[in-house]
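Examining the three-dimensional arrangement
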Amino acid sequence: MQTTDSVRPAEQNRALALSTIAFTACFAVWTIFSIIGVAIKEELGLTDTQFGLLVATPILTGSVTRLFLGVWTEKYGGRLVFSAQMILTALATWALTLAHSYTMYLVAALGIGLAGGSFIIGVAYVSRWYDAGHQGTALGIFGAGNVGAAVTKFVAPFVMVAYGWHGVAYAWAIGLAIVGILFFLLAKDDPELVERRRSGVKSPSFAQQFAPLRNLQVWRFSLYYFFVFGAFVALALWLPHYLIDVYGVDVKTAGMCAAAFSLSASLFRAYGGHLSDRFGARAVMYWTFGFSLILLFMLSYPPTDYVIRGKDGLISFTTEMGLWPFVGTLFALGFFMSLGKAAVFKHIPVYYPNHVGAVGGLVGMIGGLGGFVLPIAFGALLDLSGIYTSCFALLFVVVAVSLAWMHLSIRAMERASHGEALDALPQLPEMQPIHHPERTAMPRVLDDWRPEDRSFWEEKGRRVARRNLWISIPALLLAFSVWMVWSVVVARLPAIGFDFTPEELFWLAALPGLSGATLRIFYSFMVPIFGGRLWTTLSTASLLVPALGIGYAVQNPQTPYLIFLTLALLCGLGGGNFASSMANIAYFFPKAEKGNALALNAGLGNLGVSVMQFLVPLVITAGVFGAVAGEPQVMSDGGRLWMQNAGFVWVPLILVATAAAWLGMNDIADARASFREQAVIFGRKHNWLMCILYTGTFGSFIGYSAGFPLLTKLQFPEVNALQYVFLGPLVGALSRAATGWISDRFGGGRVTVWVFAGMILSVFGVIASIGAGSFEGFFAAFMALFLLTGIGNASTFQMIPAIMGREIPRLMPDLDAGASRKQADRESAAIIAFTSAIAAYGAFFIPKAYGSSIAMTGAPVAALWGFLAFYVICLVITWAWYTRPGGLLHDIERGRATPVTAQPAE
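Below or above, wherever it landed, is the structure these notes cover. (Residues numbered from 1 in each chain as written. Predicted model: local features only at pLDDT ≥ 70, side-chain atom pairs only at ≥ 80, totals over all residues. Heavy atoms only, no water.)

**Some words on the overall build of the protein chain**
A tally of helices and strands in the protein chain yields 38 helices and six strands. Within the protein chain, the fraction of its 906 residues that count as buried is 56%. For the protein chain, long-range pairs separated by at least 24 residues make up 83% of all intrachain contacts whose partners lie at least 6 apart in sequence. (Helix = DSSP H or I, 4+ residues; strand = E, 2+ residues; numbered from the N terminus. Buried < 20%, exposed > 50% of the residue type's maximum accessible area, 1.4 Å probe, protein only. Contact = heavy atoms within 4.5 Å.)

This is the structure we're talking about:
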């Protein structure tokens, strides 16, 4: 069989040179809107957001098509696919000159986006000409074709000044068509394709090529490329506009300055490939992310005036980056991004040598989507905040997340291979002389944990488990308090001088739910990875950020709305804690006591919402912390409020809970598990059905808790709603803890059916009360809703172990009884955590639905009708799948099958 060893260097150089030239031409066309888009923006009078969408649209096509073009290249060869792609792109570029409206420009831009797909064609084609030891350098040289963006920025402004933007489009279309024809005539099929045709071997199927995409590692590589390539494309498109607006330069100067970034982010890619071959791609990625983090912090810092009270008077100074320091910093950023681009694609042929097209296509697609999403996000952030450097702040966050994920993944891999050796090392190198592993082993890690062993449980286990439970409960209670604190604070902001619209206020009330629910998805898997003690400590300490932020932000009515949006999102840190807290406590208790322990942890933790809604209205009426917390705010009616206490009151409690978690909790060694072991639930149908049902119960509980205060204030302004709203979450939390026996006795499915029927009637009561203007009816109907959500929270989670106890023997018939039960327990716990994450989105959607309904119709009734319809769907799902005759739980709940031990949770 022909291999790369039999390929002559001249043939390799020919393939590499032609591919690099073709990619350069394609990239020049792909970024054409970075120059001509400025003229089109003026011609059509576009907003920043519309301009961002226009320049990003080609990136969308180029990104999405990468996945398919990579697969087609594997199947049909790079010579044919590359040539066809360039000729079609040239036709679309020519057609751009025929557009006469914004919509037609967007359609033409979609066709131009085909140019972006050239990258994965070239990667799949070039990698087949080189062995693994030289692929990094070869792909780095090919990737230097990114310099096409610099070509556009250098040359296009002069062409546009002389012939208009139409002249640029004509010239670029003709040039690309010529390159496409020459590539077809001069290039050769790659060695692997030639050998496959000679031997008659069929090309791999789509299923075989897409198989590696199930690996989480592939998606991690995609996130890396989202920054190193996606951010490069986004900045290449955005910088001319940025430079013109911020520094007041003309289009030619802006193009030249932006080209400096494009050059450094392109030309050094070949050097990045060489470094990856020599030192390893992992080391290069550390350099990329580390230096990018520093450079983006410098770029994201906005021009700021400072006034400091010194001993001799006021000291004033300003921080602002001039044009040339800005260009120099961008050049350095581009250098490290170019190294990172080469390093990412050094990984792929090494890890997936037979799937370069599919894996590289996905990674390239996600990276390209960064070039589509980020310009839109840049424009939206600029419109929202008015801060030009907000685009660099967003990239700073992306890099920080990428670096953290990479480092943690590498540490997990090292520990899996050398766990015992690592445990024998001291915490710090300086401790080596006094380090004795057998004496200094961490006492908080429980290597021997057997809760099902009665003697072990009685002698040691119960005491340790209860200590962890009673430390976990107040930590979770504080998490819920911080998560929902906006539900009270938002209702008071207009009274202390904040000029926010009702829609903006509902956004503030809804965002903690959005971020909290999203974080729950990740928190669900953290305890088995990091350990319960460490994760509880970190997650509890993280609550200090929103608590302190709220305390300072509310003291000044001039605080930008963007700051409040950020703090609202950070409050979601409290919402994420539930999933990890429940997962942690579940490991400590035997099955016989697990239900009660989880009920206590969840029920008393949920009380944090009620505690917050009762405590905050009290502490904001007095200077609890004295002068340390700042001056009170004067209300429109002349009264005074210490609104900062809504945040500050939690700070000492959080500090105590954090210390207690670190000093008093334990990790269980046997609870360690990888994400892959837990991720099997994503293929289970009943996981997704239970997500819907639990969203109907817990999603309603947390969503109504978040929106009830503001909704009551708006619908019944004559009523002091903050005196009563805490009762709703109190009723919901207590009903959950007190009614679990109902589901145990009658069956979770049957109880859930009746719960949704009652919720339908209760929502109808709320609608009728609003129409009648009756606060008493409104309040009573909502109390019924809270009561029913509590009962439903317990009943839905009671269903999950029963469902999986019936499903696992059917899905995995090869398992014996013990292994089947263990698998059912593992999947039940994972589904409980995941459904809690999905359901928590109710904290976002319910308040947001209120705000949207009021904005569009002037009343919340439309949103309530939507909730009622959703409960009807939940009732039908519960009956059709689980409780009807022949349903999955019908026999169990009527005593005709062996019941499965329930595991109530949140």
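**Concerning the pattern of salt bridges**
Across all of its chains, the model carries three salt bridges by this definition. Across the salt bridge formed by Arg 810 and Glu 807, the nearest N and O atoms sit 2.6 Å from each other. Taken together, the residues Arg 810 and Glu 807, both in helix α34 (residues 775-811) and three residues apart, mark about one turn of the helix. A relative accessible area of 6% means that Glu 807 is categorised as buried. (Salt bridge = Lys/Arg side-chain N within 4 Å of Asp/Glu carboxyl O.)

**Here we look at the pairing of strand β1 (residues 304-310)**
Here is the key point about a regular strand: its side chains alternate between the two faces of the sheet. Bridge count for β1 against strand β2 (residues 313-319) is seven bridges, and the pairing is antiparallel. Each bridged residue has a counterpart across the sheet, and for Tyr 306 the counterpart in β2 is Phe 317. Once β1 ends, the chain turns through two residues before running back antiparallel as β2. (Pairing = 2+ DSSP bridges.)

**Some words on the packing of helix α2 (residues 33-44) against helix α8 (residues 148-186)**
For the pair α2 and α8, interaxial distance at closest approach is 8 Å and the crossing angle is 40°. As judged from the angle between their axes, α2 and α8 are oblique. Helix-helix and strand crossings are classified by hand; for α2 and α8 the assignment is right-handed. In this structure, α2 contributes Ser 34, Ile 35, Ile 36, Ala 39, Ile 40 and Glu 43 to the contact, and α8 contributes Thr 152, Lys 153, Ala 156, Pro 157, Met 160, Trp 165 and Val 168. Of the residues that constitute the contact of α2 with α8, the class distribution is nine nonpolar, two polar and two charged. (Axes fitted to C-alpha atoms, helices over the stretch in contact; angles between N-to-C directions. Parallel < 35°, antiparallel > 145°, perpendicular 65-115°, else oblique. Left-handed = near helix turned anticlockwise from the far one by under 90°. Nonpolar A, V, L, I, M, F, W, Y, C, P; charged D, E, K, R; others polar.)

**Observations regarding helix α15 (residues 323-351)**
Along its 29 residues, α15 runs 42 Å from first to last C-alpha, staying within 8% of the 42 Å computed at 1.5 Å per residue. In terms of residue burial, α15 counts as a mostly covered element, since 21 of its 29 residues are buried. (Expected span 1.5 Å × (residues − 1).)

**Considerations on the packing of aromatic side chains**
As enumerated under the stated definition, the model contains 40 aromatic pairs in all. Ring centres of Phe 335 and Phe 336 lie 5.0 Å apart, and the angle between their planes is 80°; this geometry places the pair in the edge-to-face category. An aromatic cluster of at least three residues, connected via ring pairs, comprises Tyr 694, Phe 698, Phe 701, Tyr 704, Phe 778, Phe 782, Phe 786 and Phe 867. Looking at Arg 79, its charged tip hangs above the ring of Phe 184, at a distance of 4.3 Å from the centre. Above the plane of the ring of Phe 232 lies Lys 341, whose end atom (NZ or CZ) is 3.6 Å from the centre. (Phe/Tyr/Trp six-rings, centres within 6.5 Å; stacked < 30°, edge-to-face > 60°. Lys NZ or Arg CZ within 6 Å of the ring centre and 35° of its normal.)

**Observations concerning empty space enclosed by the protein**
Under the defined criterion, the tally for this structure stands at four cavities of 30 Å³ or more. Estimates place the volume of the largest cavity at around 80 Å³. In this structure, the largest cavity is lined by Ser 472, Ala 475, Leu 476, Thr 536, Ser 539, Thr 540, Asn 577, Ser 580 and Ser 581. Counting residues per element, the ones that place at least two in the lining of the largest cavity are α19 (454-483), α23 (532-541) and α25 (561-586). (1 Å grid on protein atoms, 1.4 Å probe; cavity = no way out; pocket = protein on both sides within 12 Å on 5 of 7 lines; lining within 4 Å. Points joined across faces, edges and corners; volume = space filled by probe spheres on them.)

**Brief notes about the packing of helix α11 (residues 216-247) against helix α14 (residues 281-300)**
Close contact between α11 and α14 brings their axes to 12 Å; oriented N to C, the two are set at 55°. Classified by the angle their axes make, α11 and α14 are oblique. The two elements α11 and α14 cross, and the hand of that crossing is left-handed. Residue-level contacts link Tyr 224, Phe 227 and Val 228 of α11 to Met 285, Thr 288, Phe 289, Ser 292 and Leu 296 of α14. Looking at the contact of α11 with α14 residue by residue, the class counts come to six nonpolar, two polar and no charged.

**Looking at the nonpolar core**
Counting 123 residues, the largest nonpolar core has Phe 33, Phe 227 and Phe 392 as its most contacted members. The contact partners of Phe 227, leaving out residues within four places of it in the chain, are Phe 232, Phe 289, Ser 292, Leu 296, Leu 333, Met 337, Val 398 and Val 399. Within the second largest apolar cluster, 114 residues are counted, among which are Ala 602, Val 755, Phe 797 and Leu 888. (Core = buried A, V, L, I, M, F, W, Y, C linked by side-chain atoms within 4.5 Å.)

**A look at the environment of Trp 470**
Of note, Trp 470 is situated in helix α19. Since its relative accessible area comes to 48%, Trp 470 is described here as partly exposed. For the pair Trp 470 and Met 665, spaced 195 residues apart in the sequence, the C-alpha separation amounts to 9.7 Å.

**Section: the environment of Leu 446**
Within the fold, Leu 446 resides in strand β3 (residues 445-446). Taking the C-alpha atoms as reference points, Leu 446 and Val 464, 18 residues apart in sequence, are found 9.9 Å from one another.

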